[in-house]
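One letter stands for each residue in the lines below.
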Amino acid sequence: MTNVEVPPYNELLWPSLKAVAELGGSASIGEIVETAVKLQHFSDAQQAVLHNDGPVTEISYRLAWARSYLKGMGLLTNSARGIWSLTEAGSALLADTSLTDDQRRQRVREIWKAHLPEFRASRKSKASPEEMAKVDADGPGDEANWKEQLLGQLMGMQPDAFERLAQRLLREADFDSVSVTGRSGDGGIDGLGVYRLGLVSFPVFFQCKRYQGSVGAAAVRDFRGAMAGRGDKGLLITTGTFTAEAKKEATRDGAPPVDLIDGDRLSDLLKKHELGVQTRMVEDVTVDGAFFSDI
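Residues numbered from 1 in each chain as written. Predicted model: local features only at pLDDT ≥ 70, side-chain atom pairs only at ≥ 80, totals over all residues. Heavy atoms only, no water.

1. Thoughts on the overall build of the chain
Of the regular secondary structure elements, the chain holds 13 helices and 10 strands. Expressed as a percentage of the 295 residues in the chain, the buried residues total 43%. The long-range share in the chain, meaning contacts at least 24 apart out of those at least 6 apart in sequence, stands at 64%. When the accessible surface of the chain is summed, it comes to about 16200 Å², and 49% of that surface belongs to carbon and sulfur atoms. (Helix = DSSP H or I, 4+ residues; strand = E, 2+ residues; numbered from the N terminus. Buried < 20%, exposed > 50% of the residue type's maximum accessible area, 1.4 Å probe, protein only. Contact = heavy atoms within 4.5 Å. Areas by Shrake-Rupley, 256 points an atom, 1.4 Å probe, with all protein chains shown as cover.)

Shown next, in the form of structure tokens:
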């Protein structure tokens, strides 16, 4: 895959901003990545390129940096829940009917160039000139760093341990009676859980794939085939990514739906349920002088 080119992060600024706009002004990371990939018409080969041999893809890594820079440029902001949204400035730029998309893209590039010295200066104390040259080419990304570290840990687990982790995650996510088959020759079914939605419950079969790369449509079809006659709902969990064709196959009309959890979403879920991931909250304390003066 080394001969497959992936655009640098600065060429992904406009697609990332436009993706958020097309998604209604706010979106999750997964939605932004999927929409940006569609807007740029990235090939399966480009989507399969890994950053530093994985497990994070190069496209996801550079899109993470694009979001970080758009935040620094004042065009995007993100909530504690990881939802990204347009700022007032971002919305105004996209709502300016006097500009074409090409002109908006150029305007984003001009804003990025104006902030570039500031971005570089903020990292000079943390990086050598050689490292800064790489940052300028590829872009930064604290978000990508912790997920890359986490996915590396998951890739180092034994298959049965990864299945048990999936079992624990489903239990934390309100599944009941979650079991791991632990048997070979079970047609690709790794486990079964019962999901309860109010007064209704239904069985969900799941399969775990530790991949450094993209899971294709064939894997979705095989999993659905293993479910045939046993259930109508499936969950495919991977440390890698899913190709565009795999996502289409998962929601194909006339076939039982298969929900997909890729490495990015898996990382977010493990963080949400605090399974092997801790978030340190920094306390901001302010002393109110007026309070004491009024006593």
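2. Some points on the environment of Val 20
Locating Val 20 in the fold gives a position in helix H1 (residues 13-22). Overall, Val 20 belongs to the buried group, its relative accessible area being 0%. Once the C-alpha coordinates of Val 20 and Gly 90 are considered, the two residues, 70 residues apart in sequence, prove to be 10.0 Å apart. Discounting chain neighbours no more than four positions away, the residues touching Val 20 are Gly 25, Ser 26, Ile 32, Leu 76, Trp 84, Ser 85 and Leu 86.

3. Examining the packing of aromatic side chains
Under the counting rule described, the total for this entry stands at seven aromatic pairs. With a centroid separation of 6.2 Å and an interplanar angle of 80 degrees, the aromatic rings of Tyr 9 and Trp 112 are classed as edge-to-face. Of this pair, Tyr 9 sits in the segment before H1 while Trp 112 sits in helix H6 (residues 101-123), placing them 103 residues apart in sequence. Overall, the relative accessible area of 0% leaves Tyr 9 in the buried class. Look at Tyr 69 and Phe 119: their rings are 4.4 Å apart centre to centre, the planes differ by 70 degrees, and that puts the pair in the edge-to-face class. A residue pair is termed long-range when its members are at least 10 positions apart, and Tyr 69 in helix H4 (residues 58-72) and Phe 119 in helix H6 qualify at 50 residues. (Phe/Tyr/Trp six-rings, centres within 6.5 Å; stacked < 30°, edge-to-face > 60°.)

4. Details of the packing of helix H9 (residues 159-172) against helix H12 (residues 263-272)
One can describe the packing of H9 onto H12 by two numbers: an axis separation of 11 Å at closest approach and a directional angle of 60 degrees. Considering their axes alone, H9 and H12 lie oblique with respect to each other. Every pair of crossing elements has a handedness; the one defined by H9 and H12 is left-handed. When H9 is examined against H12, the residues Phe 162, Leu 165 and Leu 169 are found in contact with a partner set consisting of Leu 266, Leu 269 and Leu 270. (Axes fitted to C-alpha atoms, helices over the stretch in contact; angles between N-to-C directions. Parallel < 35°, antiparallel > 145°, perpendicular 65-115°, else oblique. Left-handed = near helix turned anticlockwise from the far one by under 90°.)

5. Digging into the nonpolar core
Counting 57 residues, the largest nonpolar core has Leu 17, Met 73, Val 108 and Leu 270 as its most contacted members. Among the elements that make up this core, the one with the highest residue count is H4 (seven residues). Dropping the residues within four chain positions of it, Val 108 is found in contact with Leu 13, Trp 14, Leu 17, Leu 70, Met 73, Leu 75 and Leu 93. Membership of the second largest hydrophobic core comes to 14 residues, among which are Ile 189, Met 227, Leu 236 and Ala 250. (Core = buried A, V, L, I, M, F, W, Y, C linked by side-chain atoms within 4.5 Å.)

6. Description of the pattern of salt bridges
Within this structure, the stated rule accounts for 15 salt bridges. Note that Asp 160 is salt-bridged to Arg 164, the shortest N-O span being 3.5 Å. Of this pair, Asp 160 and Arg 164 both sit in helix H9, four residues apart, which is roughly one turn of the helix. The salt bridge partner of Glu 172 is Arg 168, with a shortest N-O separation of 3.2 Å. Of this pair, Glu 172 and Arg 168 are both found in helix H9, four residues apart, which corresponds to roughly one turn of the helix. Salt bridges sharing partners connect three or more residues here, namely Arg 221, Arg 224, Glu 249 and Arg 252. (Salt bridge = Lys/Arg side-chain N within 4 Å of Asp/Glu carboxyl O.)

7. Some thoughts on the packing of H1 against helix H2 (residues 29-40)
Contact pair H1 / H2: the axes reach a minimum separation of 9 Å and the direction vectors enclose 115 degrees. Considered as vectors, H1 and H2 are oriented roughly perpendicular to each other. Read as a crossing pair, H1 and H2 show a hand that is right-handed. Residues Pro 15, Ser 16, Lys 18, Ala 19, Val 20 and Glu 22 of H1 touch H2, and the partners they reach there are Ile 32, Thr 35, Ala 36, Leu 39 and Gln 40. Taken together, the residues of the contact of H1 with H2 break down into six nonpolar, three polar and two charged. (Nonpolar A, V, L, I, M, F, W, Y, C, P; charged D, E, K, R; others polar.)

8. What to know about the side chain of Glu 58
The topology assignment puts Glu 58 in helix H4. Residue classification places Glu 58 among the buried positions, given a relative accessible area of 7%. Those residues in contact with Glu 58, other than ones at most four positions away along the chain, are Val 6, Val 49, Leu 50, His 51 and Asn 52.

9. Things to note about H1
Of all 10 residues in H1, seven are buried; the element is thus mostly enclosed. All of the buried residues along H1 are Leu 13, Trp 14, Pro 15, Ser 16, Leu 17, Ala 19 and Val 20. Backbone geometry just after H1 places Gly 24 at a positive phi near 95 degrees.

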